[in-house]
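Chain residues, written in single-letter form:
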Amino acid sequence: MKLSLLRSAYGSIRIHPGSRVSGVSRRCLLATGAKYRLVFREASTSTSGGPSPKIAVNSGIKFWKDDDLDCDTVLKKAVESTNEAMLALQRRSRSVQPMLAIIQAGEEDKLLEINKKMAEKFGLNITQICLAEDCSEDEVIEEVLKLNEDPRVHGIYLHLPPASLTSRVLDTLKPEKDVDGITDLNLGRLVRGDLSRGFVSPMVSADAPLKGKTVLLVGEGGPFDCALQSLIEKNGMTAVKIAWCSRSLQSQVMQADAVVLSGVGSRIVPPTWFKPDASVICCESTLEPGDGAIDTFSKAELSYLTAVYRTQNVVHSCSRWIQEKQYRPWSLRRLALQPLTPVPRDIEISRAQVPKPVNQLAEEIGLLPEELEAYGRNKAKVQLSVLDRLQTQPDGKYILVAGITPTPLGEGKSTVTIGLVQALSAHLRLNSFACLRQPSQGPTFGVKGGAAGGGYAQVIPMEEFNLHLTGDIHAITAANNLVAAAIDARMFHETTQSDKALFYRLVPTVNGVRKFSPIQISRLHRLGIKKTEPASLTPEEVSAFVRLDLDPSKITWQRVLDTNDRFLRKITVGQASTEKGQMRETGFDIAVASEIMAILALADSLEDMKNRLARIVVGTSRSGQPVTTEDLGVSGALAVLMKDAIKPTLMQTLEGTPVFVHAGPFANIAHGNSSVLADKLALKLVGQDGFVVTEAGFGADIGMEKFFNIKCRASGLRPNVVVLVATVRALKMHGGGPNVSAGSPLPKEYIDENLGLVAGGCHSNLRKQIQITHLFGVPVVVALNVFKTDTQAEIDLVCQIAKECGAFDAVPCHHWSQGGLGSVELAQAVEEAARTPSNFQFLYDTEMPITEKIRTIAQRVYGADDIELSAEAQAKVDYYDQQGYSSLPICMAKTHLSLSHMPDKKGAPTGFILPIRDVRASVGAGFIYPLVGTMSTMPGLPTRPCFYDIDLDPITEEITGLF
């Protein structure tokens, strides 16, 4: 029968039986300092009949003679069990070695030396922090906090004077590293009987004869007495606590079968008070010699036992740490929905639901506390270290939500995405993650309003989702504009300074020494200069090093702003007299159109992002050579600005299911998909049978094609199913219905039933988008996003034709009005489709010539007869071939309102030539983007922007008008 005692906060308490008095103690006790093993055994009754001395406190551990109990036996067993624990740990993970951290005050003593020696004997690493003997409480806490956060440390041993073990110090110590079991949480677990997660310093073994007996605890209370009382009661004994000052002390002592005395000090308990055959145990921190009739363990023997058990706890702590790093099954708690009719505004629905604290959500999906960086209560960044921790975990199923060619109003891909994951997780109890793009504030305040989904299928809180979030777009804006500033500054300084002056300023003397920075050495190497000493460069080498010689007319890098501002599309910079006539025309893009945003979305690690940032081409020199951010010397600074933005942001849906919000590249000139990293993290977290649902911008001809040919090449991930979103409204438009425009009432054709228009749209645009999906070998499920104006006949017709056109299934979805419950049929169809083989293939080989890759997309995806390159576009293609960029994939920049380049051509146009007016390269992001027609990278505000409706209540701080 096992008991456990907690190490006292007063130091290494020794536990002793009382002196041998006539007919009193018939049990023996073994204690091991900070780790106790108390063994009660039957012993022969004393018959000496001599005088009865006071309770003696010995310098070692005294116990009644027992041939079966000796220190060598106990130590041997302790060593064996510790060895077994260490071997078991090594079998699980040979790369991890347990580490014990010791915080000591003052000089090293014998006890500390023994602990270090024993830890080394079992193969532990040791880190030792030596503080002054009179160190302050804050100094101790500072060191404890550092060790708490060090993942290499598995146990912390506070080898401090009793006065230093204050409540603040103990409250600071992480319970999972408290191998001495002195924190309140470990004590609470002990009292509750939950010993699987905490640590208990002393271990007490009691034989059956004590079961049913009464044990009296005499002392001042505190954690030691509380722990001992709990353990005694859990082992079938009755524990009674009493203070030294109690008037009933004598009568209680006389009735007890065993008495434990703590805080004895100078107090004397007459031997006549003890019941015959009672066990008497005295706990003290200062030890004095006792009588020779009792055998004694030496302090050294006890110290070795203490060290062995402490080492064993460190091994167990490391083993638990490894176990925690393994994949954790989800314990997701669904948030209940109570949909109202009519459906309220999105922001009212969002505000009516109370989201789970983000740290609780993280725990439910198997994230560790140290992998989370909270940004308030509702959102948090997730560390990329999750990928390393779960690297052996199989990925879940990968689902892409795309759409047919949309109306200007949008067809609800984000809403379908959220409704699908709510159905999967909250209703089918399948792990699922949504991975969405972060919305730009430009459209939010301009023409779109909120972008968090809608109705009862949205990300909450929608205000936080739509505004600022965790600052990623601001980081991109800062990084992009740093490059722009560096370009103009470098051109100015090169124009106004000699080679020598430039060199001395670029490589300044610091403390009398002039040396290159690492990024400057990289530039020298690219120039073929292998020297590293500034003084060794020839004048020609100095000139090559300092002169980027950018051609102002061939600078491709623009400034960005996350606001729709048409008047920044073209500007003139350098008009101040201080710029000495260095004027040039440039412009602004919206922040999400920055190449840095595309890089964020395609990078698969911090190192990959840094390398991509360094490869960004900002312009061309007068000699025709590309100039990169690394040439400017700014790429390292860009990585610093982006180091937090690379971590995905965790949020949740209305029903409490997890969402990653990360990146939002412009869907016209970039690939329009959320980040590779968010998808990879989510695929590990959902587990092998889970689902990750991500979304592609615009129609399948743009967002999905780029997702497959660009994003899947970068990530190495392969999708299992495509969900193709359609609406009756959009199908009617493609079937010949009148134009639809934002802010105008819908024509009656879109309100009244019209099966002819629906069928026309299905046989043209829907059929074509399904065919595009089949080009990549992925099964497609059509999700009909149902609006309240849709009739049952129209819904049935769409689903019927979609299946006839080759869809794996086609189902109506009612998530907007019902939440996840309204998408259960879609979730079931996706689950079934994911079981079928996916024969994914790319549309083209990247080694094909640039022109042929463009032609392949135009003909096979858009339905064009051929392409036509302008003279400027052909010249760019030739230049990119010369620079070695021809193997990059293609990212077409064209209108999203038609399969062709003509926005007014609906359905599935044919017989057209696709004009390519220009071709540009995002070398850092890793794609070539041909421009089809005129593409604006800086939207403008409409006559009546959304900001007219957005307001703040200064009393409640509630935001209104987002949607």
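Reading the values: rules and limits
Residues numbered from 1 in each chain as written. Predicted model: local features only at pLDDT ≥ 70, side-chain atom pairs only at ≥ 80, totals over all residues. Heavy atoms only, no water. Helix = DSSP H or I, 4+ residues; strand = E, 2+ residues; numbered from the N terminus. Buried < 20%, exposed > 50% of the residue type's maximum accessible area, 1.4 Å probe, protein only. Contact = heavy atoms within 4.5 Å. Areas by Shrake-Rupley, 256 points an atom, 1.4 Å probe, with all protein chains shown as cover. Core = buried A, V, L, I, M, F, W, Y, C linked by side-chain atoms within 4.5 Å. Phe/Tyr/Trp six-rings, centres within 6.5 Å; stacked < 30°, edge-to-face > 60°. Salt bridge = Lys/Arg side-chain N within 4 Å of Asp/Glu carboxyl O. Pairing = 2+ DSSP bridges. Right-handed = clockwise from strand over helix to strand, strands pointing away. Axes fitted to C-alpha atoms, helices over the stretch in contact; angles between N-to-C directions. Parallel < 35°, antiparallel > 145°, perpendicular 65-115°, else oblique. Left-handed = near helix turned anticlockwise from the far one by under 90°. pLDDT = per-residue confidence, 0-100.

### Let's talk about the overall build of the protein
Okay, so step 1: The secondary structure content of the protein amounts to 31 helices and 40 strands.
Okay, so step 2: Evaluated residue by residue, the protein yields a buried proportion of 57% over its 963 residues.
Okay, so step 3: When contacts within the protein are restricted to residue pairs at least 6 apart in sequence, long-range pairs at least 24 apart make up 75% of them.
Okay, so step 4: For the protein, the accessible surface area stands at approximately 39000 Å², while carbon and sulfur atoms represent 51% of it.

### Some thoughts on the nonpolar core
Okay, so step 1: By size, the foremost hydrophobic cluster in this structure holds 150 residues, and its most contacted members are F433, L650, F660, F708, L766, L914 and I916.
Okay, so step 2: In this structure, I418, M462, L469 and V824 belong to the second largest nonpolar core, which totals 40 residues.

### So, the packing of aromatic side chains
Okay, so step 1: Under the criterion given, the structure shown has 14 aromatic pairs.
Okay, so step 2: Between F708 and F776 the ring centres are 4.6 Å apart and the planes differ by 50°, which places this aromatic pair in the tilted class. Pair noted here: F708 is in helix 24 (residues 700-715) and F776 is in the loop between helix 26 (755-775) and strand 33 (780-785), with a separation of 68 residues, a long-range link. Here F708 matches F776 in class, with each residue buried.
Okay, so step 3: When the centroid spacing of 5.2 Å and the interplanar angle of 80° are considered together, the rings of F840 and F842 count as edge-to-face.
Okay, so step 4: In this structure F840 comes out as buried when scored by relative accessible area, which is 16%.
Okay, so step 5: Put simply, the rings of Y398, F707, F708, F776, F840 and F842 touch in pairs and so form one group of aromatic residues.

### Structural notes on the pattern of salt bridges
Okay, so step 1: All told, the structure shown has 45 salt bridges when counted by the stated rule.
Okay, so step 2: R152 serves as the salt-bridge partner of D150, at 2.8 Å between the closest nitrogen and oxygen.
Okay, so step 3: Taking relative accessible area as the criterion, R152 reaches 55% and is therefore assigned exposed.
Okay, so step 4: With its nearest N and O atoms 2.8 Å apart, the salt bridge here joins D549 to R622. Of this pair, D549 sits in the loop between helix 18 (539-546) and strand 22 (550-555) while R622 sits in the loop between strand 27 (617-621) and strand 28 (626-628), and the two are 73 residues apart along the sequence.
Okay, so step 5: Given the relative accessible area of 54%, R622 is considered exposed.
Okay, so step 6: Within the structure, one salt-bridge network assembled from shared partners comprises E373, K643, D644 and K647.

### So, the pairing of strand 33
Each regular strand displays side chains that alternate between the two surfaces of the sheet.
Okay, so step 1: Burial runs high along strand 33: six of the six residues are buried.
Okay, so step 2: Residues V780, V782 and L784 point to one face of strand 33 and V781, A783 and N785 to the other, with burial holding for every one of them.
Okay, so step 3: Of the pairings in the sheet, the one linking strand 32 (residues 721-726) to strand 33 comprises five bridges and is parallel in character. Bridging across to strand 33, V722 finds its partner in V780.
Okay, so step 4: The parallel pair strand 33 and strand 34 (residues 809-813) is bridged by helix 27 (residues 792-804), and the resulting crossover is right-handed.

### Observations regarding the packing of helix 15 (residues 472-496) against helix 19 (residues 595-602)
Okay, so step 1: At a closest axis distance of 9 Å, the pairing of helix 15 and helix 19 adopts a crossing angle of 130°. Viewed along their axes, helix 15 and helix 19 adopt a mutual orientation that is oblique. Classified by chirality, the crossing of helix 19 by helix 15 is right-handed. Residues I473, I476, A479 and N480 of helix 15 lie in contact with helix 19, whose contacting residues are I596, M597 and L600.

### Describing the confidence of the model for the protein
Okay, so step 1: Per-chain confidence: the protein averages 86 in pLDDT, with 88% of residues scoring 70 or above.
Okay, so step 2: The model gives residues 1-69 a pLDDT under 50, and that stretch makes 263 contacts with residues more than four places away or in other chains.
Okay, so step 3: Every residue in residues 202-208 is under pLDDT 50, and counting partners more than four places away or in other chains gives 35 contacts.

### Section: unusual backbone geometry
Note: most peptide bonds trans; most residues except glycine with negative phi.
Okay, so step 1: Of note, the bond from T341 into P342 is cis; its omega dihedral lies within 30 degrees of zero at -5°.
Okay, so step 2: Checked against the element boundaries, P342 lands in the loop between helix 8 (299-325) and helix 9 (346-352).
Okay, so step 3: Residues I460 and P461 are joined by a peptide bond in cis, for which omega reads -10°.
Okay, so step 4: Mapped onto the elements, P461 comes out in the loop between strand 19 (457-460) and helix 14 (462-466).
Okay, so step 5: Phi at R429 takes a positive value of approximately 60°, unusual for a residue other than glycine.
Okay, so step 6: The class of R429 is exposed, set by a relative accessible area of 53%.

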